Amino acid sequence: MSGVSALTGVISGAASIWIFCLMLLICGDILGRTLFNAPIQGVSEMVANSIVAIVFLQAAHTLMSGRMTRTDILIGPLEAHRPFAAAVMRLVFHIAGIVVFALIAQGTWPKLVDAWVENEFFGAQGVFTAPVWPIKACLFGGSLLTCLAFATQALVDLKELLAHNRAAPLRVRHTVLTTPRGWPVLIVFAAVLAVGYALVFAELDRIGVGLAAIAFMLVLILSGAHIAVVLILLSFLGIWLIRDNPTVAVRSLALAADGAINRYLFGVVPLFVLMGLVVDIADIGRDAYRVAAWMLQRIRGGLGIATVAANAVFASITGISIASAAVFSRVAVPQMVANGYNNRFALGVVAGSSVLGMLIPPSLLLIIYGVLAEQSVGALFLAAIVPGALLAFVFGTGIYLMARLRPKMVMQSDKPTVIEGETWQSALIKLTPITALVVIVLGGIYSGVFTPTEAGAAGAAAAIVVALLKGSLTWSRLWRVLVDTGLVSVSILLLIIAASMYSRMLSLSTIPQEATMFFAQAGFGLMGFMMIYLVLVVIMGMFLDSTSIMLILLPLALPVVSGLGGDLIWFGIVTVIAVEIGLLTPPFGLTVYVVKATISDRSTSLGDIFIGTFPFVIMMTIVTLILTLVPALSLVFE
């Protein structure tokens, strides 16, 4: 296993360097075009094809590093209390992964052969051309390497099962799955048998196949299977059964693997992730918080409002709420507690206000929505300005009112807040790099100077310069940032590939079309559908991450909203903020877990943080309803 891990690590490292080279390439194109009227030819084609290669080269290491997206809802407790049952489930999930990536390799091998034999190229003759076969080789080889990684994990599970069987008495082995704590395994395997029987032996129509695949998918995802693997495998089986042709299913899978992310726009994902991670290293979040705290310290609840303000600023240059939660857990919570604030309140402010990172542009979640809904990312960024400002204002106002009306919820003592060592000059110095990054990224997008992908490259390069000038970026840190950039980006882009396959299966099943007709004929209207949709999003947010929720629900919801006359830009804004509510709600609010993992006080429980976030959940719900009922707030700049 160590050999496979080392091999995947080396290949993933090379792909991470590839991402850095793409940033340099795009920046070179911007400078050449702007200063010398000499753009680099073929940049968009090189980036689009590179993203495909990078994803599959890093998929195996993403799995080996435990970063391939999955949930721990059922398998987590089993790993702690029933390791044998958990090992059985993991073995099944890893075998599924082997099957999925073997199918991808099978589907892409003919394309690799054709590209080599026919000397295929991308670009334009006489301007720029490059052979296609190296990209196809990366896709095919990366799929085989990921198969090997899944097989390695499966062998580990098998060894664990054999070791358990040798160590445990026969009587214990027979009861391990029938004890109360093993009931999730029985449910999962019962569901597998029932749905498998229905799919294979029952004569289901295409809608029945689609519904069975969705139900099966939810069961497996909640059980702990890798979400991308589940989406791809069940979509493959669904297409096979609907078309009664396995060849069509294989071709659809190969098309999704090769074409779903083969677009220049998808370069924005690793570039914005890179920028966010570098900004974190440069301590820009710490600087923003200190300046905001110094300016607002005389206001009741001032440090809480400062946390919201700093989060809003940090969000405008990162676009990742999890990064905000990690940064301000380390920066803001100790400062607030030291100045007499209630620990629960301090934690709740950090967790609550961190969701601004996914709403205030540039937002990674809005980028993903734009891709899935085929909407302009720039238009979504413009649409998010007013809702993002509204949510920040509501948070700040809510904190002030809590400090005034219910001071015990906010303060544990009347000790005055004192932030020393700041002056207007020092504040200006600290805000200068923040302002520069905002101007480069958002100013470049809104002025039309940059595309979102170019803004990501320019912002990442500028963040690296800032970190170097501040002396906070060493070679080892840069390498760690590049590796993390690849792992985070690949986990997202694999889900988008899976979503492409899933959307095709749903389209063939006609479920979205039937759902549109149902809601149109039922008389619910657009707002009636939205209320049902929002409740469903919040419930799913209690168990799944934001990206997974959007990938599962949007292929179903987008046709309905369009059919009922809804604006898809407005719908995207409402979807993102509703999804973010789930990050704060039990039992598995992801942001709360990030805060818990980051803080140094081990005595603080998850319950304390969930209680602290409750007022912010209420405020977010109010803002969501306002944005839903008043679409104009999201369309001010349209």
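Note that the coordinates shown come from a computational prediction; the quantities given were computed from them, not determined experimentally. (Residues numbered from 1 in each chain as written. Predicted model: local features only at pLDDT ≥ 70, side-chain atom pairs only at ≥ 80, totals over all residues. Heavy atoms only, no water.)

Caption draft 1: Looking closely at the overall build of the chain. The helix and strand tally for the chain stands at 27 helices and 2 strands. Split into buried and exposed, the 638 residues of the chain put 56% on the buried side. Long-range contacts, defined here as pairs at least 24 residues apart, represent 80% of the contacts in the chain between residues at least 6 apart. Of the roughly 25,600 Å² that the chain leaves accessible, carbon and sulfur atoms contribute 68%. (Helix = DSSP H or I, 4+ residues; strand = E, 2+ residues; numbered from the N terminus. Buried < 20%, exposed > 50% of the residue type's maximum accessible area, 1.4 Å probe, protein only. Contact = heavy atoms within 4.5 Å. Areas by Shrake-Rupley, 256 points an atom, 1.4 Å probe, with all protein chains shown as cover.)

Caption draft 2: Structural detail: the nonpolar core. Residues Tyr289, Tyr533 and Phe571 are the most contacted members of the largest nonpolar core, which totals 216 residues. With 17 residues, the top contributor of residues to this core is helix H21 (residues 475–509). Phe84, Ala87, Leu91 and Ala154 belong to the second largest nonpolar core, which has 6 residues in total. (Core = buried A, V, L, I, M, F, W, Y, C linked by side-chain atoms within 4.5 Å.)

Caption draft 3: Molecular detail of the packing of aromatic side chains. Taken as a whole, this structure holds 10 aromatic pairs when the rule is applied. Judged by centre distance (4.9 Å) and plane angle (75°), the rings of tryptophan 294 and tryptophan 424 are edge-to-face. A residue pair is termed long-range when its members are at least 10 positions apart, and tryptophan 294 in helix H12 (residues 284–296) and tryptophan 424 in helix H19 (residues 424–446) qualify at 130 residues. Residue classification places tryptophan 294 among the buried residues on the basis of a relative accessible area of 15%. What makes tryptophan 424 exposed here is its relative accessible area of 63%. Centroid distance phenylalanine 395 to phenylalanine 616: 5.3 Å. Interplanar angle 75°. Geometry classified as edge-to-face. Here phenylalanine 395 is found in helix H17 (residues 377–405), whereas its partner phenylalanine 616 is found in helix H27 (residues 606–629), with 221 residues between them in sequence. Using a relative accessible area of 0% as the deciding quantity, one classes phenylalanine 616 as buried. Members of the aromatic cluster, each reached through a chain of ring pairs, are Tyr369, Phe529, Tyr533 and Phe571. (Phe/Tyr/Trp six-rings, centres within 6.5 Å; stacked < 30°, edge-to-face > 60°.)

Caption draft 4: Here's a closer look at the environment of methionine 531. Mapped onto the fold, methionine 531 is located in helix H23 (residues 525–541). What makes methionine 531 partly exposed here is its relative accessible area of 32%. Separated by 97 residues in sequence, methionine 531 and threonine 628 have C-alpha atoms that sit 8.8 Å apart. Apart from the residues within four sequence positions on either side, methionine 531 is in contact with Leu625 and Thr628.

Caption draft 5: Expanded view of the pairing of strand E2 (residues 128–131). Going residue by residue along E2, you find Phe128 and Ala130 tucked away on one face and Thr129 and Pro131 left uncovered on the opposite face. Sheet topology note: the strand E1 (residues 121–124)/E2 ladder contains 4 bridges and is antiparallel. Opposite phenylalanine 122, over in E2, you have alanine 130 as the bridge partner. Counting the residues between successive antiparallel strands, the hairpin from E1 to E2 contains 3 residues, one of them, glycine 126, with a positive phi of roughly 85°. (Pairing = 2+ DSSP bridges.)

Caption draft 6: The environment of proline 334, seen in detail. Assignment of secondary structure puts proline 334 in helix H14 (residues 321–338). A residue is classified by how much of its surface remains accessible, and proline 334, at 43% relative accessible area, is partly exposed. Here the alpha-carbon distance between proline 334 and isoleucine 599, two residues 265 residues apart in the chain, equals 8.8 Å.

Caption draft 7: Spotlight on the side chain of aspartate 287. Here aspartate 287 is to be found in helix H12. Residue classification places aspartate 287 among the buried residues on the basis of a relative accessible area of 13%. Setting aside anything within four residues of it in sequence, one finds aspartate 287 in contact with Lys430 and Lys470.

Caption draft 8: Spotlight on a nonpolar patch on the surface. On the surface, Met531, Phe614, Ile618, Ile622, Leu625, Ile626, Leu629 and Val630 cluster together into a nonpolar patch covering about 680 Å² of accessible area. Element by element, the count of residues in the nonpolar patch is highest for H27, at 6 residues. Mapped onto the elements, leucine 625 comes out in helix H27. Given the relative accessible area of 36%, leucine 625 is considered partly exposed. (Patch = residues over 30% accessible without salt bridge, like charges linked within 9 Å, V, L, I, M, F, W, Y side chains within 5 Å. Salt bridge = Lys/Arg side-chain N within 4 Å of Asp/Glu carboxyl O.)

Caption draft 9: Broad picture of helix H13 (residues 302–318). Taking 1.5 Å per residue as the helical rise, H13 with its 17 residues ought to reach 24 Å, and the 24 Å between its terminal C-alpha atoms agrees with that figure. The buried fraction of H13 amounts to 15 of the 17 residues, a majority that puts the element mostly inside the structure. (Expected span 1.5 Å × (residues − 1).)

Caption draft 10: Quick peek at helix H4 (residues 83–117). In this model, H4 (35 residues) spans 50 Å end to end at C-alpha, consistent with the 51 Å of a helix rising 1.5 Å per residue. At threonine 108, H4 shows its maximal bend, which comes to roughly 30°, and the proline proline 110 appears one to four places after that position. (Bend = angle between axes of the 7 residues up to and from the residue.)

Caption draft 11: The packing of helix H24 (residues 546–563) against helix H25 (residues 568–581), seen in detail. Across the interface, H24 lies against H25 with an axial gap of 11 Å and an inter-helix angle of 145°. Crossing geometry of H24 relative to H25 is assigned as right-handed. Taking contact as the criterion, the partners of Ser546, Ile549, Met550, Leu554, Ala557, Leu558, Val561 and Ser562 in H24 are, on H25, Leu568, Phe571, Thr575, Val579 and Glu580. When grouped by side-chain class, the residues that make up the contact of H24 with H25 number 9 nonpolar, 3 polar and 1 charged. (Axes fitted to C-alpha atoms, helices over the stretch in contact; angles between N-to-C directions. Left-handed = near helix turned anticlockwise from the far one by under 90°. Nonpolar A, V, L, I, M, F, W, Y, C, P; charged D, E, K, R; others polar.)

Caption draft 12: Inspection of the pattern of salt bridges at higher detail. Here the structure, examined in full by the defined rule, presents 8 salt bridges. Across the pair arginine 90 and aspartate 157 runs a salt bridge whose closest N-O atoms are separated by 3.1 Å. With arginine 90 in helix H4 and aspartate 157 in helix H5 (residues 133–167), this residue pair connects regions lying 67 residues apart in the sequence. The exposure class of aspartate 157 is buried, given its relative accessible area of 3%. Among the salt bridges present, the one from aspartate 258 reaches lysine 136, with a minimum N-O distance of 2.2 Å. Taken together, the positions of aspartate 258 in helix H10 (residues 246–259) and lysine 136 in helix H5 put the pair 122 residues apart, joining distant regions of the chain. Considered together, aspartate 258 and lysine 136 belong to a single accessibility category, that of buried residues. By sharing partners, the salt bridges in this structure join Asp29, Arg33 and Glu454 into a single network.

Caption draft 13: Region of interest: unusual backbone geometry. For asparagine 119, which is not glycine, the phi torsion reads 55° and is therefore positive. Relative to the helices and strands, asparagine 119 resides in the loop between H4 and E1. For asparagine 119, a relative accessible area of 56% corresponds to the exposed category. For aspartate 244, which is not glycine, the phi dihedral falls at a positive 55°. Along the chain, the position of aspartate 244 falls in the loop between helix H9 (227–243) and H10.

Caption draft 14: Up close: the environment of alanine 310. Among the secondary structure elements, alanine 310 is positioned in helix H13. For the pair alanine 310 and serine 353, spaced 43 residues apart in sequence, the C-alpha to C-alpha distance is 9.2 Å. Other than its neighbours up to four places away in sequence, alanine 310 contacts Ala288, Tyr289 and Phe328.

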